[in-house]
Structure formats: C-alpha cells, structure tokens
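# Tertiary structure, described
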Amino acid sequence: MKIVYFIFFIVFGVFADNKYYDSRYDYYDIDHFVQNPRLLKKYIDCFLDKGPCTPIGRVFKLVLPEIVITACNKCSPSQKRFAHRTFEAFRNISPQNYAELKRKLDPQNKHFNTFLKSIATNSYKGGGLMFDNIKALSLSAAASSLGCIESKRIIKMRTFVVLACLVVSILAAEKYNSKYDNFDVETLVSNDRLLKSYINCFLEKGKCTAEGTDFKKALPEAVETVCGKCTDKQKVNIRKVIKAIQQKHPAQWEELVKKNDPTGQHRANFEKFIQES
C-alpha cells in the first residue's frame, strides 16, 4: 500500500508540473554565472533598471517580485538552487546593490527573509528529491514482509519501471531535443549555397527551413549558456558549422554575433567553446 501511495504521488507530481515556473532555464550554467563578476553586474543592473537586459534577464526580472512575495513556492528544486546561489553571489560581489535590490523587491521588508530561508532549504542535497524518494521506496519494500513473494516482485518491477521512466524524462529535459543530433552537417558545411541560406535565415534576411527555424530559436540561449543544454553530438555539429561560417563568411559571422550577443559579454566564452576539440 505504501508503494501504491508513493507511485500515486510521483505521477500526480508529473501532471501537476504546471504549478511550477517554466523549466526551460532550470539548467542554466549557474557556475559560469556566479563566477563571472562582470556578468553578475550586468544582471544586477538589469534588475535595478540601471542597464539593458538580455532576453533571459528580462524573464528573470519579470518573476523576481513574485518569487520573493511567495517565497519561491512555484520554483522547482533547480530554480531554488539557482536563486540561492544567485542572491548569494549578488550579496558577495556588491553588498550595496544587493541591499538596493532587496528594497526594490520588498520595500516594506515583509517577505525577503522568508524568501531567503525558502531557497536555502537543502532538500535537494544528497542526490536530490528523486533519490530520497527511491531510498524511501526501498525501505518501505524491505519493511513489508507479508504477502505473496511473486506479488511483491511484480510490484517492485512496476515501481522500478515508473521510476526509470521518470529519471529518463528528467535527464532528457536537461538537453535540447536530440532529433537533430544526426542532422547532415557535412553537406551543410560543404555546400556554400546551402550554408548561405542558413546564414540568411539566422539573420532574418531569407526564408528558413523547419530545421533552420528551430536552430534560430535556440541560438541566443546556446550562446548565452555556452551550449550548456547541447548534447555531445550537437556540440560537435555546432562547432563545425560555426567554424565554416567564420572561415567562409566572416562578415556574416560578425553580424550573427552582434544579433545573438549584442553586448558581447558571452563572446569570449563561446569562442573558447568553438575552438575546443
């Protein structure tokens, strides 16, 4: 019975996912972010209306007041971890701006301390909630010594299948869709007319294929996160395509850089990624 209840709560949690904020930025490269003082300063200025915002910065800025007031109750564990490390970095790098941001988000000082406590809760330590639940499930199964052995085996197998599917779906969500892992990149980089058509698509100077449209949508985030959500195959393909554009069409490459990274704050890191083997 405990196992049945546990499975119910897992399945219910999956279908109740819309209670959380959009998960597209759950796997933003937080280590790169908090270790880059210049990038942190850019985001602080964005949040304080002192400077321009990146597309991702605008998204974060929109939800900040709500997450403070609600103590991040719609945040996923990954989002809480991100918020905790971000505000901690803000406080360390610029206490004055941190205090100003605190006043801006909570002018009456009613919610901020509760918010900080909520994001500091380390419920995702030790491997995360999923692993805590697996441990609890194993203990429940071990404690149950009554009933038919075969029935217990079937229940365990069914439970394992449910958990395996959930773990796979969670891991898959960390990456971009893999349907383009086998995209024919060799034909693209060797056919200059085709390469030009994709460049024009990315620069909004020409029509896009279905694949080109998808690639164009992902480009700004891929640049900002240094391809943090790319699969290994996608990283290889992106390096090949960008190197081909840099070598054959350097002027258009500069246009692409300005379009997808207008402030130039990600260029050095992305260039380093491109040159990696």
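Residues numbered from 1 in each chain as written. Predicted model: local features only at pLDDT ≥ 70, side-chain atom pairs only at ≥ 80, totals over all residues. Heavy atoms only, no water.

### What about the environment of Gln108?
For clarity, the threshold we go by: Per the convention used, a helix needs a DSSP run of H or I reaching at least four residues, while a strand needs a run of E reaching at least two, with both numbered from the N terminus. N or O atoms closer than or at 3.5 Å make up a polar contact, with two conditions inside protein: a donor-capable atom paired with an acceptor-capable one, and, for residues adjacent in sequence, both atoms drawn from side chains.
Note that Gln108 resides in the loop between helix H6 (95-105) and helix H7 (112-120). Within polar-contact distance, the side chain of Gln108 engages the side chain of Lys110 at 3.1 Å.

### Here's the deal with unusual backbone geometry
Positive phi values are uncommon outside glycine, yet Asp49 reaches one of about 60°. Of note, Asn109 is a non-glycine position whose phi angle comes to about 55°, a positive value. Within the secondary structure, Asn109 sits in the loop between H6 and H7.

### Considering the state of the cysteines
Put simply, the test is: Any cysteine sulfur atom paired with another within 2.5 Å is treated as part of a disulfide. The classification of residues rests on relative accessible area computed with a 1.4 Å probe and restricted to protein chains. Under 20% of the type maximum is buried, over 50% is exposed, and intermediate values are partly exposed.
All told, the structure shown has four disulfides when counted by the stated rule. With a sulfur-sulfur separation of 1.9 Å, Cys72 is cross-linked through a disulfide to Cys75. Measuring the twist about the S-S bond at about -85°, one finds the Cys72-Cys75 disulfide to be left-handed. Judged by its relative accessible area of 1%, Cys72 falls in the buried class. The exposure class of Cys75 is buried, given its relative accessible area of 7%. Across the disulfide, Cys201 is cross-linked to Cys208 (sulfur-sulfur distance 2.0 Å). On the sign convention where negative means left-handed, the S-S torsion of about 105° between Cys201 and Cys208 marks this disulfide as right-handed. For Cys208, a relative accessible area of 28% gives the class partly exposed. The connectivity of the disulfide bonds within the chain can be written as 1-2, 3-4, 5-6, 7-8, using the sequence rank of each bonded cysteine.

### A short note on helix H3 (residues 37-47)
Along H3, the residues that are buried comprise Leu39, Leu40, Tyr43, Ile44, Asp45, Cys46 and Phe47. Positive backbone phi, approximately 60°, marks Asp49, located one or two places after H3.

### A closer look at the nonpolar core
As a reminder of what qualifies: What we call a nonpolar core is a set of buried Ala, Val, Leu, Ile, Met, Phe, Trp, Tyr and Cys residues that are connected through their side-chain atoms within 4.5 Å. What makes two residues a contact is simply this: any of their non-hydrogen atoms within 4.5 Å.
Counting residues in each nonpolar core, the largest one holds 30 residues, and the members touching the most others are Phe33, Tyr43, Phe47, Ile67, Phe87, Phe90 and Phe115. Broken down by element, this core gets its largest block of residues, six residues, from H3. What Phe87 contacts, discounting residues up to four positions off in sequence, is Leu64, Tyr98, Leu101, Leu105, Phe112 and Phe115. Core analysis: the second largest hydrophobic core is formed by 25 residues, Tyr176, Ala222, Cys227 and Ile274 among them.

### Brief notes about the pattern of salt bridges
Note the following rule: What makes a salt bridge here is a side-chain nitrogen of Lys or Arg within 4 Å of a carboxyl oxygen of Asp or Glu, nothing more.
The tally for this structure, following the rule as stated, stands at ten salt bridges. Note that Glu100 and Lys50 form a salt bridge whose closest N and O atoms lie 2.9 Å from each other. Residue Glu100 is found in helix H6, and its partner Lys50 is found in the loop between H3 and helix H4 (55-69); the two are separated by 50 residues along the sequence. Residue classification places Glu100 among the partly exposed positions, given a relative accessible area of 26%. A residue is classified by how much of its surface remains accessible, and Lys50, at 46% relative accessible area, is partly exposed. Several salt bridges converge on common partners, so that one network encompasses Asp49, Lys61 and Lys104.

### Here we look at the packing of helix H5 (residues 77-93) against H6
Each pair of packed helices gets described by two things: the angle between the helix axes and the distance between those axes. The line we're drawing: Only the stretch in contact is used when fitting a helix axis, every axis being a line fitted to C-alpha atoms; angles between N-to-C directions are given from 0 to 180 degrees. Throughout, the term roughly parallel applies to angles under 35 degrees, roughly antiparallel to angles over 145, roughly perpendicular to angles from 65 to 115, and oblique to all others.
Direction vectors running N to C along H5 and H6 enclose 130°, while the axes themselves pass 5 Å from each other. Classed by the angle they form, the pair H5 and H6 counts as oblique. Along the contact surface, H5 presents Phe87, Phe90, Arg91, Asn92 and Ile93, while H6 presents Pro95, Tyr98, Leu101 and Leu105.

### As for helix H11 (residues 192-202)
What counts here: Of all possible arcs, the one meant is that of the directions from the helix axis to the C-beta atoms.
Considered for burial, the residues of H11 that qualify are Leu195, Tyr198, Ile199, Cys201 and Phe202. In an axial view of H11, the angular spread of the buried residues amounts to 160°, which keeps them on one side of the axis. As for H11, its buried residues are in contact with helix H10 (185-190), helix H12 (210-224), helix H13 (232-248) and helix H14 (250-260). Two or three places before Arg193, at the start of H11, stands the capping residue Asn191, its side-chain oxygen 3.2 Å from that residue's backbone nitrogen. Just past H11, the residue Glu204 takes up positive phi, approximately 60°.

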